[in-house]
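Close look at the chain arrangement
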Amino acid sequence: MSKRLSIGAAFLLGTSTIAAAALIPTLAQAQVTTSTIRGFVQTEAGAPVANANISLVNTETGFARTVTTDGDGGFAVRNLSVTGAYNVEVTAANLRGQRVEGIRLSLGDESLLTFALASENFEDEIIVVGQRQVVADLATGPNVSFGITTIENAPAINRNIADIIRLDPRVFIDESRGDINSVQCVGQSSRFNSITLDGISMDDAFGLNSNGYPTERMPFPFDAIEQVSVEIAPFDVKYGGFTACNINSVTKSGGNEFHGGAFIDYTNESLRGGKVDGVDTAFNPFDEIRYGINVRGPIIKDKLFFSVAYEKLEGANTFNLQETVGNGAFQISQAELDRISAISNTVYQYDPGTTPESFDNADEKILVKLDWNISDQHRAALTYNYNDGFNTVRSDGDSDEFEFSNHLYNRGSRIHSFAGSLYSDWTDNFSTEFLASYLDFKNDVRSVGGNDFGEIQIDTGDVTVYLGGDDSRQSNKLDYQKLDLVFRANYDMGDHSFLFGAERRDLDVFNLFVQHTETELRFRGIDNFENGLVDRIYYNNAPSQNPDDAAADWGYAQYSLYGQDEFQLLDNLSVIAGLRYDWYTTSDLPTENPDFVADYGFSNSQTLDGEDLIQPRLAAVWDATPSLQVRAGVGRYSGGNPNVWLSNNYSANNIDQVGALARAGRGGQPNPIDLFAQTYSGAEEGVPNFAGYAIPDVVYDAVGSGVGSNFELNYLDPNFKIPSEWKYSIGATFSPDFDTGESIFGGLWTIQADVLWSDGKDTAIVQRGDLVPTGTQTVNGVTVPTYSSPLMDTFVLTNSDLGNQAFVASLGISKDWDNGWSATLGYAYSDAEDVQPMTSSVAFSNYNNRAYTDPQEQVLATSNYNTKHRFTGSVSYTKDFWKDYDTNIFAYFQSSSGTPYSLVDRNPNSYYNFTPFLDGGGVLLPGEERNGRTGPSWTKVDLKISQDLPGLRADDRAQIFMVIDNLTNLLNDEWGVLRQPSFPLTLAQGQPFSTSFDASAYEIRFGASYDF
């Protein structure tokens, strides 16, 4: 959209206003990385001035562009970098020229300038009419942009853009799981977001992570970012690949002067926690240090520039399993653990490790950017980004579970990405942009003790003890590559601005996920473990006994075509109307299972090939008064559905992968099964040919023959449609200037309000494909359906008859004062509902991890991710107590409603008699609704204090700073405490909430930086 700024009233809008806008308001496609300045030139009498010369210069890079106005006095300069400040000068015959200086643009913004030239014959005289920071809206809709001042001064303790965008009350950051920081926009999962950096898709394209990134942490250096925007409903057809929100970042560019900086910060266990609500946090010892450097400047003045940023983390993952060790309920004694360890070493010749306390982790990232001003008409940019990082995490970490250290696993990932763009202004009214990007992703997931020994579980009665290699990491590898090509063209004709675009995305995936390839052995009691008497033996593999043969190796291409017209319907009313068309192609088919075809009458080799979707967009902006703007729009969006849901159909076909289960007392097996009486195969060279290292032939031979106790087959509904969401929005921005003469209430204020309604179509859900209703029965006062399973056991990815829905209303107020104070206050109300929460990467968990009366039901209920009420605020103060060296204080505040949850019976199989088999969620208690209850609210304050110091040169600045996460807990251990229902947000009657020590305990970081 555009925002008209009349040249004649000279004012300066502070950078904090950009942040204040936050309070108001699949595969991701390449989104917007530039800005546009449009304008009109007229006489003081209002007559259009044709053939006026418009000269635009970027004062940092020297980029210059000259255009002339058309017959209506209009002009447009597109594809402008958001780095640097612009001077715009207007000259015309027989009129006095004007110049506006110091214009800084917002990401994705289209700003509209109106020049009124005096009809006096002073052709050689240029009047400087003002210096201003242009802060216009993004693409029409409830969206927001954050500038460099907010990025640098906010208390971003994680050095993550999530620390910035949380200023928007419609964006909730889940801080309960360490540094994952899942971004939940307008009551939806982070899986449905899009994240882009300089046109490169940086979201989790496969869909395994909760943080929205493909990597363990934000994959690009924090200091590389120039601006970041959150776009919830941008009604421009360029936007696609999401249904929640698009998070779009643009990096800094070099200029004609050398600039840069370095930083270092530090924390350890003595700077974390203490007590949370009277409970000692007892963080294990650790040290964590982060450091980085960034440099940018010219290679060839006015022509070629570089920008480089590097960041490194050297930290630790800490664990506190001592709470499981003791003599009370759900505890195991140290003597029992010592005995288990001794048995493992002597009987099974495997060292299980120790009680986990702390493991090192690391993260390294680098970004290199080149900008080339080819000519006044052409500009190019190239960005390279690298990230490699890992964490050591628990796999089985419930309160009644204990893991020896070698059962934990390292979860790592590495990306290389490249993006190039070419921006061309062929004439004054025709411009194009071409973007190409490539991303290569590889993950590395393996148990701490290696993957050559299977998993052992020992049920002691109160606690299950785990040792060996985690069952889900024994054969686990993911590689994928993405190639994006984007072409767009803009043509201005009078009051109309036409956009046409075409895009292609290619995704190639290699996903290896086979559980139990080294076996899983379950024992009842320590004595049975010592005597080799096992209750169950699980084994999965390809019939060839090579796990790689069971991998999902597949891909697809997505195409997009779009066009739109943005035009002035009236002098104060602009309209944007467009159409976007997406379609999919693939030649990769899941392996067909003949038994499935015989049962179901169609093939399980269904794909998205040929599926398509038309997405209309329509919006309007009405400048009602100079201080009031009203906007409204409607549009259809698609994207964000994790590709892992499709990948399951390629890997879980029960042909490429086969499972076998030997169970004591079943299928002719003795009770218990004597491991010493078994024969073994598959042991690697140099290890014992015994349980753990080798595979008992009773299951090894079954898998080799292609016959076993398989899990449910996964398939795509033959009638599957691309899920989408209609978004309807209306909002307003009111910017009154109260000339009261008072220092507190006088001056310019910004008040914004938005209402958003979302209506999902063809929402993706998982159901059992084999169940047939047979009647009903009443169990524990709950009437439930009964089912038979006459067909092969299956899960189907299908569309719901109902669509997810959401209503979100937000309000924000912001104000800057001349004395260095700034403040913002925002509120959002959210009522988001979904059919299924779809929390997992596998079909079984998506189907089970929820509350229900009927597991096959399609019922709209409160979303797992809904935050009904959320308040956010910030207060900042800047003062040079020491002349020319600022002290900066920035406090962030949030108060949110609690997490939704359900009261359930945790034994659903007693209701359904194991048809289907259910595990993980629960049957709703009488009178209860899914997520019909709400947990405790959460309130916290974060703080950053920094002090500028002299540098080695006059214009250099050193700085020392302190960031306090959850200042509230530091002040009082009963404050800032986050209590939540345990995953999957289901509680039994009387079950207490869990306390998140990660989110509740304060953390302090001290640091220093140097900028030149």
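Since we're looking at a predicted model, the values are computed, not measured. (Residues numbered from 1 in each chain as written. Predicted model: local features only at pLDDT ≥ 70, side-chain atom pairs only at ≥ 80, totals over all residues. Heavy atoms only, no water.)

**A word on the overall build of the protein chain**
- Check the secondary structure of the protein chain and you find twelve helices and 64 strands.
- Against the globule reference of 31 Å for 1012 residues, the protein chain gives a C-alpha radius of gyration of 30 Å, in line with a compact fold.
- Taken along the three principal axes of its C-alpha coordinates, the protein chain extends 105 × 65 × 55 Å.
- When the 1012 residues of the protein chain are sorted by exposure, 60% land in the buried category. (Helix = DSSP H or I, 4+ residues; strand = E, 2+ residues; numbered from the N terminus. Rg over C-alpha atoms; globule rule 2.2 N^0.38 Å. Buried < 20%, exposed > 50% of the residue type's maximum accessible area, 1.4 Å probe, protein only.)

**A closer look at the environment of isoleucine 695**
- If you trace the backbone, isoleucine 695 turns up in strand 41 (residues 695–696).
- You can call isoleucine 695 buried: its relative accessible area is 3%.
- It is 54 Å that separates the C-alpha atoms of isoleucine 695 and phenylalanine 807, two residues lying 112 residues apart in sequence.

**Some thoughts on the state of the cysteines**
- If you walk through the whole model with that rule in mind, you get one disulfide.
- Between the sulfur atoms of cysteine 185 and its disulfide mate cysteine 245 the distance is 2.1 Å. For the disulfide bridge between cysteine 185 and cysteine 245, the dihedral angle about the S-S bond is near 45°, and by the sign convention the bridge is right-handed. Taken together, the positions of cysteine 185 in strand 12 (residues 182–185) and cysteine 245 in the loop between strand 15 (225–231) and strand 16 (246–251) put the pair 60 residues apart, joining distant regions of the chain.
- The buried category is assigned to cysteine 185, whose relative accessible area is 0%.
- The buried category is assigned to cysteine 245, whose relative accessible area is 0%. (Disulfide = S-S within 2.5 Å.)

**Describing the sheet that holds strand 16**
- Read across the open sheet, the five strands follow the order 10-15-16-13-14; overall the sheet is mixed. Two strands close off the open sheet at either side, each with one partner strand: strand 10 (143–146) and strand 14 (200–201).
- Across four bridges, strand 10 lies against strand 15 in antiparallel orientation. Across the sheet, the residue bridging to serine 145 is serine 229, located in strand 15. (Pairing = 2+ DSSP bridges.)

**Observations regarding a nonpolar patch on the surface**
- A surface patch of nonpolar side chains, amounting to about 580 Å² of accessible area, comprises Phe418, Leu422, Phe434, Tyr438, Leu483, Leu485 and Phe487.
- Take the nonpolar patch: its biggest share by element is three residues, from strand 29 (residues 476–493).
- Relative to the helices and strands, phenylalanine 487 is located in strand 29.
- Residue phenylalanine 487 is classed as partly exposed on the basis of its relative accessible area, which comes to 40%. (Patch = residues over 30% accessible without salt bridge, like charges linked within 9 Å, V, L, I, M, F, W, Y side chains within 5 Å. Areas by Shrake-Rupley, 256 points an atom, 1.4 Å probe, with all protein chains shown as cover. Salt bridge = Lys/Arg side-chain N within 4 Å of Asp/Glu carboxyl O.)

**Some points on the UniProt feature "domain: TonB-dependent receptor plug" (unreviewed entry) in the protein chain**
- Per the UniProt record, "domain: TonB-dependent receptor plug" (unreviewed entry) is found at residues 158–241.
- The span residues 158–241 is 5% helix and 25% strand, and its two end C-alpha atoms sit 26 Å from each other. (UniProt positions renumbered as here; feature names shortened; annotations may be inferred.)

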